[in-house]
Amino acid sequence: MITYDKGEQIKYIARRHKVAFFIETIFLIIAALLPYLAYLHGLNFWLFDIFTPSVTNIFFLLLSLYGIWLTLLWVIFFIAWSDYYLDIWIITDGRVIDVKQKGVFHREINTFRLDKITDMILVEKNWLGKIFNYGDIHVTLAGQVHKFIIAEVPEPEKVKEQVINEQRASLERLKSTVQFEEGK
Amino acid sequence: MTLLQNIPFLNTLNSIQLLWLLWIVTFLIFLILSMVLSYQWRHYGVQNSNLRFGEFIYYIIAIIILGFSALAILIYNAHF
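Residues numbered from 1 in each chain as written. Chains lettered and ligands numbered in written order. Predicted model: local features only at pLDDT ≥ 70, side-chain atom pairs only at ≥ 80, totals over all residues. Heavy atoms only, no water.

Caption draft 1: Spatial organisation of the overall build of chain A. Assigned secondary structure in chain A consists of 5 helices and 7 strands. Overall, chain A shows an N-to-C arrangement of helices and strands of β-α-α-α-β-β-β-β-α-β-β-α. A compact globule built from 184 residues would reach a C-alpha radius of gyration of about 16 Å, whereas chain A, at 25 Å, exceeds it by more than 25%. Principal-axis analysis of the C-alpha atoms gives chain A an extent of 90 × 35 × 25 Å. For chain A, buried positions account for 42% of its 184 residues. By sequence separation, contacts in chain A at least 24 residues apart represent 51% of the contacts at least 6 residues apart. Per element, the accessible surface of chain A, about 10,800 Å² overall, is 63% carbon and sulfur. (Helix = DSSP H or I, 4+ residues; strand = E, 2+ residues; numbered from the N terminus. Rg over C-alpha atoms; globule rule 2.2 N^0.38 Å. Buried < 20%, exposed > 50% of the residue type's maximum accessible area, 1.4 Å probe, protein only. Contact = heavy atoms within 4.5 Å. Areas by Shrake-Rupley, 256 points an atom, 1.4 Å probe, with all protein chains shown as cover.)

Caption draft 2: Just helix H1 (residues 18-40) of chain A, in detail. All names here are of chain A. An ideal rise of 1.5 Å per residue puts 33 Å on 23 residues; H1 measures up with 32 Å between its terminal C-alpha atoms. Along H1, the residues classified as buried are Val19, Ala20, Phe21, Thr25, Leu28, Ala31 and Ala32. Where the residues of H1 are buried, they touch helix H3 (58-86), helix H4 (127-132), strand E6 (134-141) and strand E7 (147-154). Glycine 42 sits one or two positions beyond H1 and adopts a positive phi of about 70°. (Expected span 1.5 Å × (residues − 1).)

Caption draft 3: A look at the sheet that holds strand E1 (residues 10-14) of chain A. Residues and elements named next belong to chain A. Taken in spatial order, the 4 strands of this open sheet run E1-E2-E3-E4, and their pairing is antiparallel. In this open sheet, the two strands that pair with only one neighbour each are E1 and strand E4 (106-113). For this sheet, the mean angle separating the axes of adjacent strands, direction not counted, is 15°. Here E1 runs beside strand E2 (residues 88-92); their pairing, made up of 4 bridges, is antiparallel. (Pairing = 2+ DSSP bridges. Axes fitted to C-alpha atoms, helices over the stretch in contact; angles between N-to-C directions.)

And the structure:
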(Lines give C-alpha, C1' and ligand atoms only; values in the text may rest on other atoms or scores of the structure.)
Protein backbone atom coordinates (compact mmCIF):
# COMPACT_ATOMS: atom_id res chain seq x y z
CA MET A 1 0.00 0.00 0.00
CA ILE A 2 1.22 3.51 -0.76
CA THR A 3 1.01 5.83 2.23
CA TYR A 4 0.80 9.55 1.67
CA ASP A 5 1.97 12.32 3.99
CA LYS A 6 -0.61 14.35 5.85
CA GLY A 7 -2.07 16.96 3.49
CA GLU A 8 -0.23 15.58 0.46
CA GLN A 9 -2.22 15.99 -2.73
CA ILE A 10 -2.10 13.74 -5.79
CA LYS A 11 -1.63 15.94 -8.87
CA TYR A 12 -1.21 13.41 -11.66
CA ILE A 13 -1.19 9.65 -12.18
CA ALA A 14 0.76 8.43 -15.24
CA ARG A 15 0.52 4.97 -16.79
CA ARG A 16 1.97 3.47 -19.95
CA HIS A 17 0.05 4.28 -23.12
CA LYS A 18 -2.72 1.80 -24.02
CA VAL A 19 -1.19 1.31 -27.49
CA ALA A 20 2.10 0.12 -25.92
CA PHE A 21 0.12 -2.38 -23.83
CA PHE A 22 -1.85 -3.51 -26.90
CA ILE A 23 1.34 -4.13 -28.90
CA GLU A 24 2.67 -6.19 -25.99
CA THR A 25 -0.43 -8.41 -26.09
CA ILE A 26 -0.61 -8.89 -29.88
CA PHE A 27 1.31 -12.18 -29.58
CA LEU A 28 -1.46 -13.48 -27.29
CA ILE A 29 -4.08 -12.78 -29.98
CA ILE A 30 -1.88 -14.58 -32.53
CA ALA A 31 -1.39 -17.48 -30.08
CA ALA A 32 -5.17 -17.70 -29.61
CA LEU A 33 -5.73 -17.92 -33.38
CA LEU A 34 -2.86 -20.33 -34.12
CA PRO A 35 -4.65 -23.60 -33.17
CA TYR A 36 -7.59 -22.64 -35.38
CA LEU A 37 -5.25 -21.94 -38.32
CA ALA A 38 -3.40 -25.21 -37.65
CA TYR A 39 -6.74 -27.05 -37.66
CA LEU A 40 -7.71 -25.44 -40.97
CA HIS A 41 -4.42 -26.58 -42.49
CA GLY A 42 -4.68 -30.11 -41.12
CA LEU A 43 -1.74 -29.75 -38.73
CA ASN A 44 -3.37 -31.82 -36.00
CA PHE A 45 -1.75 -35.16 -36.88
CA TRP A 46 0.35 -35.21 -33.69
CA LEU A 47 -2.85 -35.25 -31.63
CA PHE A 48 -3.58 -38.71 -33.04
CA ASP A 49 -0.28 -39.78 -31.59
CA ILE A 50 -1.03 -38.58 -28.06
CA PHE A 51 -4.79 -39.17 -27.91
CA THR A 52 -6.78 -41.77 -29.80
CA PRO A 53 -9.69 -39.90 -31.31
CA SER A 54 -12.17 -41.35 -33.72
CA VAL A 55 -13.85 -39.39 -36.52
CA THR A 56 -16.90 -38.70 -34.31
CA ASN A 57 -15.08 -37.27 -31.30
CA ILE A 58 -12.11 -35.43 -32.82
CA PHE A 59 -14.08 -32.16 -32.74
CA PHE A 60 -14.73 -32.39 -28.98
CA LEU A 61 -11.13 -33.37 -28.30
CA LEU A 62 -9.92 -30.29 -30.18
CA LEU A 63 -12.53 -28.12 -28.47
CA SER A 64 -11.48 -29.23 -24.99
CA LEU A 65 -7.78 -28.71 -25.76
CA TYR A 66 -8.54 -25.31 -27.29
CA GLY A 67 -10.46 -24.35 -24.13
CA ILE A 68 -7.47 -25.28 -21.95
CA TRP A 69 -5.15 -23.30 -24.25
CA LEU A 70 -7.47 -20.24 -24.16
CA THR A 71 -7.66 -20.35 -20.35
CA LEU A 72 -3.87 -20.23 -20.10
CA LEU A 73 -3.72 -17.32 -22.59
CA TRP A 74 -6.46 -15.49 -20.68
CA VAL A 75 -4.49 -15.77 -17.42
CA ILE A 76 -1.31 -14.55 -19.19
CA PHE A 77 -3.30 -11.62 -20.64
CA PHE A 78 -4.46 -10.61 -17.17
CA ILE A 79 -0.94 -10.85 -15.78
CA ALA A 80 0.11 -8.43 -18.57
CA TRP A 81 -2.90 -6.21 -17.80
CA SER A 82 -2.06 -6.14 -14.06
CA ASP A 83 1.50 -5.24 -15.00
CA TYR A 84 0.13 -2.35 -17.07
CA TYR A 85 -2.48 -1.21 -14.53
CA LEU A 86 -0.37 -1.40 -11.38
CA ASP A 87 2.78 0.05 -12.96
CA ILE A 88 2.24 3.76 -12.22
CA TRP A 89 3.87 7.07 -11.54
CA ILE A 90 2.10 9.21 -8.95
CA ILE A 91 3.04 12.89 -8.97
CA THR A 92 2.03 14.63 -5.78
CA ASP A 93 2.69 18.22 -4.69
CA GLY A 94 5.94 17.18 -2.96
CA ARG A 95 7.32 14.02 -4.55
CA VAL A 96 7.12 11.43 -7.29
CA ILE A 97 6.22 7.83 -6.42
CA ASP A 98 7.42 5.30 -8.98
CA VAL A 99 5.61 1.96 -8.64
CA LYS A 100 7.06 -0.83 -10.75
CA GLN A 101 5.13 -4.06 -11.14
CA LYS A 102 7.23 -6.79 -12.73
CA GLY A 103 5.26 -9.95 -13.39
CA VAL A 104 3.03 -11.41 -10.71
CA PHE A 105 5.12 -11.26 -7.56
CA HIS A 106 7.82 -8.60 -7.99
CA ARG A 107 6.89 -5.07 -6.94
CA GLU A 108 9.15 -2.08 -6.42
CA ILE A 109 8.28 1.35 -5.04
CA ASN A 110 10.74 4.25 -5.40
CA THR A 111 10.10 7.72 -4.08
CA PHE A 112 11.99 10.93 -4.72
CA ARG A 113 11.39 14.55 -3.79
CA LEU A 114 10.56 16.98 -6.58
CA ASP A 115 13.28 19.45 -5.50
CA LYS A 116 15.90 16.70 -6.11
CA ILE A 117 15.21 16.64 -9.87
CA THR A 118 18.05 18.20 -11.85
CA ASP A 119 17.20 17.17 -15.40
CA MET A 120 14.35 15.70 -17.45
CA ILE A 121 14.74 14.36 -20.98
CA LEU A 122 11.95 13.29 -23.36
CA VAL A 123 12.70 10.28 -25.54
CA GLU A 124 10.45 9.18 -28.39
CA LYS A 125 11.60 5.68 -29.22
CA ASN A 126 9.67 4.74 -32.34
CA TRP A 127 7.24 5.90 -35.03
CA LEU A 128 4.26 4.55 -33.05
CA GLY A 129 5.22 6.90 -30.25
CA LYS A 130 5.13 9.80 -32.68
CA ILE A 131 1.72 8.80 -34.09
CA PHE A 132 0.02 8.10 -30.75
CA ASN A 133 1.99 10.73 -28.83
CA TYR A 134 3.75 8.68 -26.18
CA GLY A 135 7.36 8.40 -25.06
CA ASP A 136 9.78 7.97 -22.17
CA ILE A 137 10.80 10.62 -19.67
CA HIS A 138 14.27 10.20 -18.20
CA VAL A 139 14.64 11.88 -14.82
CA THR A 140 18.04 12.62 -13.30
CA LEU A 141 18.28 13.33 -9.58
CA ALA A 142 20.87 15.39 -7.73
CA GLY A 143 23.79 13.26 -6.59
CA GLN A 144 22.58 10.11 -8.36
CA VAL A 145 23.90 8.43 -11.48
CA HIS A 146 20.86 6.17 -11.81
CA LYS A 147 18.05 7.61 -13.93
CA PHE A 148 14.37 7.12 -13.27
CA ILE A 149 12.38 6.38 -16.41
CA ILE A 150 8.68 7.02 -16.89
CA ALA A 151 8.22 4.57 -19.75
CA GLU A 152 5.80 4.95 -22.67
CA VAL A 153 3.74 7.62 -20.97
CA PRO A 154 0.97 9.34 -23.00
CA GLU A 155 1.47 13.05 -23.70
CA PRO A 156 5.01 13.12 -22.25
CA GLU A 157 5.37 16.88 -22.73
CA LYS A 158 2.27 17.48 -20.61
CA VAL A 159 3.61 15.18 -17.88
CA LYS A 160 7.01 16.90 -17.99
CA GLU A 161 5.28 20.28 -17.72
CA GLN A 162 3.24 19.03 -14.77
CA VAL A 163 6.37 17.80 -12.94
CA ILE A 164 8.19 21.10 -13.62
CA ASN A 165 5.22 23.12 -12.34
CA GLU A 166 4.96 21.02 -9.20
CA GLN A 167 8.74 21.25 -8.69
CA ARG A 168 8.58 25.04 -9.00
CA ALA A 169 5.71 25.23 -6.50
CA SER A 170 7.55 22.87 -4.15
CA LEU A 171 10.73 25.01 -4.31
CA GLU A 172 8.66 28.15 -3.65
CA ARG A 173 7.16 26.54 -0.55
CA LEU A 174 10.63 25.46 0.61
CA LYS A 175 11.98 28.99 0.03
CA SER A 176 9.17 30.66 1.95
CA THR A 177 9.63 28.20 4.85
CA VAL A 178 13.37 29.02 5.02
CA GLN A 179 12.66 32.79 4.87
CA PHE A 180 10.04 32.42 7.61
CA GLU A 181 12.49 30.53 9.84
CA GLU A 182 15.27 33.03 9.18
CA GLY A 183 12.88 35.88 10.03
CA LYS A 184 12.27 34.28 13.40
CA MET B 1 0.35 -42.83 -27.54
CA THR B 2 3.95 -43.28 -28.77
CA LEU B 3 5.02 -39.81 -27.61
CA LEU B 4 4.06 -40.58 -24.02
CA GLN B 5 5.35 -44.11 -23.86
CA ASN B 6 8.66 -43.10 -22.30
CA ILE B 7 7.17 -40.81 -19.65
CA PRO B 8 6.46 -42.58 -16.34
CA PHE B 9 2.91 -42.23 -14.96
CA LEU B 10 1.64 -40.45 -18.11
CA ASN B 11 2.10 -43.64 -20.16
CA THR B 12 -0.40 -45.40 -17.91
CA LEU B 13 -3.18 -42.89 -18.63
CA ASN B 14 -5.73 -43.18 -21.40
CA SER B 15 -6.92 -40.21 -23.52
CA ILE B 16 -9.72 -39.19 -21.16
CA GLN B 17 -7.55 -39.33 -18.06
CA LEU B 18 -4.87 -37.35 -19.87
CA LEU B 19 -7.40 -34.67 -20.85
CA TRP B 20 -8.73 -34.41 -17.29
CA LEU B 21 -5.16 -34.18 -15.98
CA LEU B 22 -4.47 -31.30 -18.39
CA TRP B 23 -7.73 -29.62 -17.37
CA ILE B 24 -7.00 -29.96 -13.64
CA VAL B 25 -3.45 -28.62 -14.03
CA THR B 26 -4.80 -25.63 -16.01
CA PHE B 27 -7.49 -25.05 -13.39
CA LEU B 28 -4.90 -25.10 -10.59
CA ILE B 29 -2.65 -22.64 -12.50
CA PHE B 30 -5.68 -20.39 -13.03
CA LEU B 31 -6.69 -20.66 -9.35
CA ILE B 32 -3.24 -19.89 -7.91
CA LEU B 33 -2.46 -17.01 -10.30
CA SER B 34 -5.96 -15.55 -9.87
CA MET B 35 -5.57 -15.51 -6.09
CA VAL B 36 -2.26 -13.67 -6.42
CA LEU B 37 -3.67 -11.24 -9.01
CA SER B 38 -6.78 -10.57 -6.92
CA TYR B 39 -4.58 -9.84 -3.93
CA GLN B 40 -2.48 -7.43 -6.03
CA TRP B 41 -5.56 -5.61 -7.37
CA ARG B 42 -7.20 -5.27 -3.96
CA HIS B 43 -4.05 -4.43 -2.06
CA TYR B 44 -2.11 -2.22 -4.47
CA GLY B 45 -4.59 -1.07 -7.10
CA VAL B 46 -6.38 2.21 -6.73
CA GLN B 47 -9.75 0.84 -5.69
CA ASN B 48 -12.35 1.95 -8.19
CA SER B 49 -15.35 0.54 -10.04
CA ASN B 50 -13.33 -0.03 -13.27
CA LEU B 51 -10.95 -2.36 -11.45
CA ARG B 52 -13.78 -4.31 -9.82
CA PHE B 53 -15.52 -4.59 -13.20
CA GLY B 54 -12.26 -5.80 -14.81
CA GLU B 55 -11.87 -8.43 -12.10
CA PHE B 56 -15.48 -9.55 -12.58
CA ILE B 57 -15.03 -9.89 -16.37
CA TYR B 58 -11.77 -11.80 -15.82
CA TYR B 59 -13.41 -14.42 -13.59
CA ILE B 60 -16.61 -14.75 -15.68
CA ILE B 61 -14.74 -15.33 -18.97
CA ALA B 62 -12.23 -17.73 -17.38
CA ILE B 63 -15.06 -19.77 -15.81
CA ILE B 64 -16.99 -19.85 -19.12
CA ILE B 65 -13.93 -21.07 -21.07
CA LEU B 66 -13.06 -23.67 -18.41
CA GLY B 67 -16.70 -24.78 -18.24
CA PHE B 68 -16.93 -25.25 -22.01
CA SER B 69 -13.66 -27.13 -21.97
CA ALA B 70 -14.93 -29.49 -19.24
CA LEU B 71 -18.19 -29.95 -21.17
CA ALA B 72 -16.23 -30.84 -24.33
CA ILE B 73 -14.23 -33.43 -22.35
CA LEU B 74 -17.48 -34.95 -21.00
CA ILE B 75 -18.93 -35.20 -24.54
CA TYR B 76 -15.61 -36.61 -25.82
CA ASN B 77 -15.81 -39.16 -23.01
CA ALA B 78 -19.34 -40.13 -24.04
CA HIS B 79 -18.18 -40.78 -27.61
CA PHE B 80 -14.95 -42.52 -26.58
